[in-house]
Amino acid sequence: AGGTNTTAVTSGNSGGASGTAFNSVTGTVTFSNTVSSPPSSLCYKLVTAASQSGMSYNLPPLLISQSVLHLIADVYFSGSLFSTYIFATDGLGYRTGFDGTHFYSSNFASTATGTVTYAANTWYRVESEYNNANGTVVTNIYSAAGLLLETLTTAPGGRYAKTAAVYWGEFNGGNTTG
């Protein structure tokens, strides 16, 4: 994440070193150095509020045509755990989220729910692979030290032909690095 600590994140200032900015930022999203995951000294902090907070990125046509989409987020739940999406795609209907106790991945055909119990105030790396060819979602959850905690795999099927956007959030709180 690029930016200045406590500054509101916008589509204009979210590009950081890569220069690839989010197309949309909704709710209360700020740059924060309170909890961040190396190598970044800042993270995107999505604050608990009456309205949902999140960010979206419109995929370039080249990425839409690819058969596999890889998404990665480092997630930190401050205070207490809550239900939220981590990633969601427009069109394909892929979702990776947290139900308040366990991570899950889903497509239109099935949902794979993990069995590991997670703790607040701890970093987790969430890596999801959305396969546009067969409609599967494979999600790996790692500890901050890089230890694989669990793998979630959905059944194939239930997909549309393309997706136009990826959403980070629809959060009601929490942090994710970018």
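So, how was this worked out
Once a new chain begins, its residue numbering starts again from 1 and follows that chain's sequence as written. Residue-level local features of this predicted model are given only where pLDDT is at least 70; pairs of side-chain atoms are given and counted only at 80 or more, and the full residue set underlies all totals for whole chains, interfaces and linings. The side-chain numbers reported here are obtained from all heavy atoms of the structure, hydrogens and water having been left aside. For the purposes of this entry, the term helix denotes a DSSP run of H or I that reaches at least four residues, the term strand denotes a run of E that reaches at least two, and both are numbered from the N terminus. Partly exposed describes any residue whose relative accessible area lies between the buried limit of under 20% and the exposed limit of over 50%, with all areas from a 1.4 Å probe on protein chains only and scaled to the type maximum. We call two residues in contact when some of their heavy atoms are within 4.5 Å. Exposure was quantified through the Shrake-Rupley algorithm and a 1.4 Å probe, taking into account, for residues, occlusion by the shown protein chains and nothing else. Counting of polar contacts relies on pairs of N or O atoms within 3.5 Å, with two restrictions inside protein: one atom must be capable of donating a hydrogen and the other of accepting it, and residues adjacent in sequence are counted only when both atoms are side-chain atoms. By definition, pLDDT measures how confident the predictor is in each residue, and it falls between 0 and 100. Between rings of Phe, Tyr and Trp, where Trp is taken as its six-membered ring, a pair exists when centres lie within 6.5 Å; planes separated by under 30 degrees are stacked, by over 60 edge-to-face, and by other angles tilted.

I tried to follow the overall build of the protein on my own but got confused; where do I start?
The helix and strand tally for the protein stands at one helix and 14 strands. In the protein, which comprises 178 residues, the share counted as buried stands at 46%. Partitioning the contacts of the protein with sequence separation of at least 6, the portion at a separation of at least 24 is 60%. Summed over its atoms, the accessible surface of the protein is roughly 8000 Å², and 53% of this surface lies on carbon and sulfur atoms.

I keep staring at the side chain of Asn131 and nothing clicks. Help me out?
Note that Asn131 resides in strand β10 (residues 123–131). The buried category is assigned to Asn131, whose relative accessible area is 14%. Polar side-chain contacts of Asn131 include one of 3.1 Å to the backbone nitrogen of Asn134. Once residues lying within four places of it in the same chain are set aside, the contact partners of Asn131 are Ser67, Val68, Tyr94 and Thr136.

Explain the environment of Phe103 to me, please; I cannot follow it from the model alone.
Among the structural elements, Phe103 can be located in strand β8 (residues 103–106). By relative accessible area, which is 0% here, Phe103 ends up buried. Linking Phe103 and Thr139, residues 36 residues apart in sequence, is a C-alpha distance of 9.1 Å.

Would you explain the confidence of the model for the protein in this entry?
When the pLDDT values of the protein are averaged, the result is 77; 75% of them are 70 or greater. Between the elements of the protein, mean pLDDT differs from a low of 38, seen in strand β14 (residues 174–176), to a high of 96, seen in strand β12 (residues 148–153). Note that pLDDT drops below 50 for residues 170–178; the model gives that stretch 50 contacts with residues more than four away or on any other chain.

What is the right way to look at the packing of aromatic side chains in this model?
According to the stated counting rule, one finds nine aromatic pairs in the structure shown. An angle of 65 degrees between the planes, with centres 4.8 Å apart, marks the rings of Phe98 and Phe103 as edge-to-face. Ring geometry for Phe98 versus Tyr118: centroids 6.2 Å apart, planes at 75 degrees, classification edge-to-face. In this pair, Phe98 is assigned in strand β7 (residues 95–99) and Tyr118 in the loop between β9 (111–113) and β10, connecting sequence segments 20 residues apart. Accessibility classification places Phe98 together with Tyr118 in one group, the buried group.

Can you walk me through the environment of Val137 in this structure?
Looking at the secondary structure, you find Val137 in strand β11 (residues 137–143). According to the relative accessible area criterion, Val137 is buried, its value standing at 0%. Separated by 32 residues in the primary sequence, Val137 and Ser105 have C-alpha atoms spaced 6.5 Å apart. Ignoring anything within four residues of it in the chain, the contact list for Val137 reads Tyr94, Thr96, Ser105, Ser106, Asn107, Glu129, Tyr130, Leu152, Thr153 and Thr154.

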